[in-house]
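# Residue-level structural notes
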Amino acid sequence: MKRSLALAAVLVVVLSAAAFAGVQEFAKFTINVADGWTAVDNQGTAVITKNDNTAQLTISVADAGGATKAQLAEAFVAEFKKTFAEVGTPVADEDGDYSWEMKTTNGAVSEAYLSADGSDFMLFVVTNRQAAADDISAMLGSIKDK
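So, how was this worked out
- Residues numbered from 1 in each chain as written.
- Predicted model: local features only at pLDDT ≥ 70, side-chain atom pairs only at ≥ 80, totals over all residues.
- Heavy atoms only, no water.
- Core = buried A, V, L, I, M, F, W, Y, C linked by side-chain atoms within 4.5 Å.
- Buried < 20%, exposed > 50% of the residue type's maximum accessible area, 1.4 Å probe, protein only.
- Helix = DSSP H or I, 4+ residues; strand = E, 2+ residues; numbered from the N terminus.
- Contact = heavy atoms within 4.5 Å.
- Pairing = 2+ DSSP bridges.

## Brief notes about the nonpolar core
Nonpolar side chains in soluble globular proteins generally cluster together in the buried interior. Within the largest apolar cluster, 22 residues are counted, with the highest numbers of intra-cluster contacts made by Ile31, Trp37, Ile48 and Ile59. When residues of this core are traced back to their parent elements, those giving at least two are strand 2 (29–34), strand 3 (37–42), strand 4 (45–50), strand 5 (56–63), strand 10 (120–127) and helix 3 (133–141). At 4 residues, the largest contribution of residues to this core is made by strand 2. Dropping the residues within four chain positions of it, Trp37 is found in contact with Ile48, Thr49, Lys50, Asn51, Ala55, Gln56, Leu57, Ala132, Asp135, Ile136 and Met139. The next biggest cluster of nonpolar side chains, apart from the first, holds 17 residues, and it includes Phe76, Phe84, Val87 and Leu123.

## Considerations on the pairing of strand 3
Pairing between strand 3 and strand 4: 6 bridges, direction antiparallel. When the sheet's bridge partners are listed, Asp41 is paired in strand 4 with Ala46. Hairpin remark: strand 3 followed by strand 4, antiparallel, with 2 residues in the connecting loop; positive phi at Gln43, about 55 degrees.

Structure representation (structure tokens):
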């Protein structure tokens, strides 16, 4: 899980002075949700949506079931291919964490980031980052393991 939290820190490109609506608790982590965003738990996945629907952050943390990061990435890509028009090939970084892009039929771009620590995986999906980069970065930087 600590490696997953390190991935969240890497995703923080610009730390901002975003105002936070408050800390939201989920099963395995907490996150400070920015003002103007709404967070809900959707069957174990945190879905955090900008209130004007221009951007979204989803975070899933669950038991990896003994699967490797490569196996998890392959499984998620196969699942995303059911709902996205285009799904890129997962690319591993120097830590073995994976990332890839996806596009909807209307051209909306989502970025997926996957990390695992041996027992749990953490999957981040950021949709339309450029619409709210500072808020998204600040929220990712606020994630704390429970």
